[in-house]
Amino acid sequence: MAKFIVIFMSVLVGLFTLEMLQPVQAAVIQPFTASLATLSAALITPFDSNVLAYGRVIAHSVNNFAVSIESGCNGVEAAIVLIAGVLAYPAPWHYRLGAIVAGFVTIQVLNIARIISLFYLGQWSQEVFTWTHLYLWPVFIMLDVLIVFVVYLRFLERRRPLAAA
């Protein structure tokens, strides 16, 4: 358990430090965040043609409401927590890579649902938007990380008898 905690914390600190570096922000994080805005707007557009995305912003052209996807709201930090847990737990590398990819996709699917819901909640009620943004969705996103990690651990546990045979 001590080894898991040391590796988990080391990977966590390392990845968070890497994420905060300006070159990484400019080359990876900001373009990724802009792609989330573009994808979210593309998913909304068939139902509401008044939505557009520019940079990290999703805006409604009629009522001028907009949301900007900022650091901490792009799912990257949640993915870092999952990656740290997966890398810290002993398992074959192909299982680790599979869990990281599947977990990242799962986090981003939920995060896009979050972005779209907040975009519409903000148009309806600023108070509900603020509460949902600050309290409800962060819990759901981290719960998603926990569920993915637990599913991964259960998957590994089912594979253990096969490896021993």
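Residues numbered from 1 in each chain as written. Predicted model: local features only at pLDDT ≥ 70, side-chain atom pairs only at ≥ 80, totals over all residues. Heavy atoms only, no water.

> Even after reading the chapter, I still don't get the overall build of the protein chain, so can you show me in this structure?
A tally of regular secondary structure across the protein chain gives five helices and three strands. Helices and strands in the protein chain line up, N terminus first, as α-α-β-β-β-α-α-α. Once the C-alpha set of the protein chain is aligned to its principal axes, its extents read approximately 65 × 35 × 25 Å. Counting across all 165 residues of the protein chain, residues that qualify as buried make up 36%. When contacts within the protein chain are restricted to residue pairs at least 6 apart in sequence, long-range pairs at least 24 apart make up 63% of them. Put simply, the protein chain shows about 9,400 Å² of open surface, and 74% of that area lies on carbon and sulfur atoms. Averaging the positions of the 8 positive and the 7 negative side-chain charges in the protein chain gives two centres separated by 18 Å. (Helix = DSSP H or I, 4+ residues; strand = E, 2+ residues; numbered from the N terminus. Buried < 20%, exposed > 50% of the residue type's maximum accessible area, 1.4 Å probe, protein only. Contact = heavy atoms within 4.5 Å. Areas by Shrake-Rupley, 256 points an atom, 1.4 Å probe, with all protein chains shown as cover. Lys, Arg positive; Asp, Glu negative; His and termini not counted. Charge placed at Lys NZ, Arg CZ, Asp CG, Glu CD.)

> Looking at this model, I keep getting lost on helix 2 (residues 22-44). Mind explaining?
Think of an α-helix as 3.6 residues a turn; residues three or four steps apart then line up on the same face. Helix length check: helix 2, at 23 residues, gives a terminal C-alpha distance of 31 Å against a target of 33 Å (1.5 Å per residue), a fit within 8%. Within helix 2, the axis deviates most sharply at I29, by approximately 35°, and proline P31 lies no more than four positions further along. Taken together, the buried residues of helix 2 touch helix 1 (2-20), strand 1 (51-54), strand 2 (57-60), helix 3 (76-88) and helix 4 (93-124). (Expected span 1.5 Å × (residues − 1). Bend = angle between axes of the 7 residues up to and from the residue.)

> How do you make sense of unusual backbone geometry when you look at a structure like this?
Residues other than glycine predominantly adopt negative phi, and peptide bonds predominantly adopt the trans conformation. Despite not being glycine, N64 has its phi angle at roughly 65°, a positive value. Within the secondary structure, N64 sits in the loop between strand 2 and strand 3 (66-68). On the basis of relative accessible area, N64 is assigned to the exposed category, the value being 63%.

> Help me understand the sheet that holds strand 2, please; the structure alone is not making it clear to me.
Note on sheets: strands pair through backbone hydrogen bonds, and any given pair is parallel or antiparallel. Strand order in the open sheet formed by three strands is 1-2-3, and the pairing between neighbours is antiparallel. The sheet terminates laterally at strand 1 and strand 3, the two strands that pair on one side only. Adjacent strand axes in the sheet meet at a mean angle of 15° when their direction is disregarded. In this structure, strand 2 lies alongside strand 3, joined through three bridges in antiparallel fashion. Across the sheet, the residue bridging to A59 is A66, located in strand 3. Along the sheet face, helix 4 touches strand 1, strand 2 and strand 3 and points at about 40° away from the line of strand 2. (Pairing = 2+ DSSP bridges. Axes fitted to C-alpha atoms, helices over the stretch in contact; angles between N-to-C directions.)

> Can you walk me through the environment of V109 in this structure?
Tracing the backbone shows V109 in helix 4. Expressed as a C-alpha distance, the spacing of V109 and G75, which sit 34 residues apart in the sequence, is 9.6 Å.

> Is there a simple way to explain a nonpolar patch on the surface in this structure?
Nonpolar side chains collect at one region of the surface, where V139, F140, L143, L146, I147, V150 and V151 lie side by side and expose about 600 Å² of accessible area between them. Along the polypeptide, I147 turns up in helix 5 (residues 126-164). (Patch = residues over 30% accessible without salt bridge, like charges linked within 9 Å, V, L, I, M, F, W, Y side chains within 5 Å. Salt bridge = Lys/Arg side-chain N within 4 Å of Asp/Glu carboxyl O.)

> What's the story with the nonpolar core in this structure? I'm lost.
Across soluble globular proteins, nonpolar side chains show a tendency to be buried alongside one another. Of all hydrophobic cores here, the largest spans 30 residues; its most connected members are I58, I69, L82, V86, F119 and Y152. Within the residue set of this core, elements represented by two or more residues are helix 2, helix 3, helix 4 and helix 5. Once residues within four sequence positions are removed from consideration, Y152 is found in contact with V86, A91, Y95, R96 and A99. I29, V76, I80 and A84 belong to the second largest nonpolar core, which has six residues in total. (Core = buried A, V, L, I, M, F, W, Y, C linked by side-chain atoms within 4.5 Å.)

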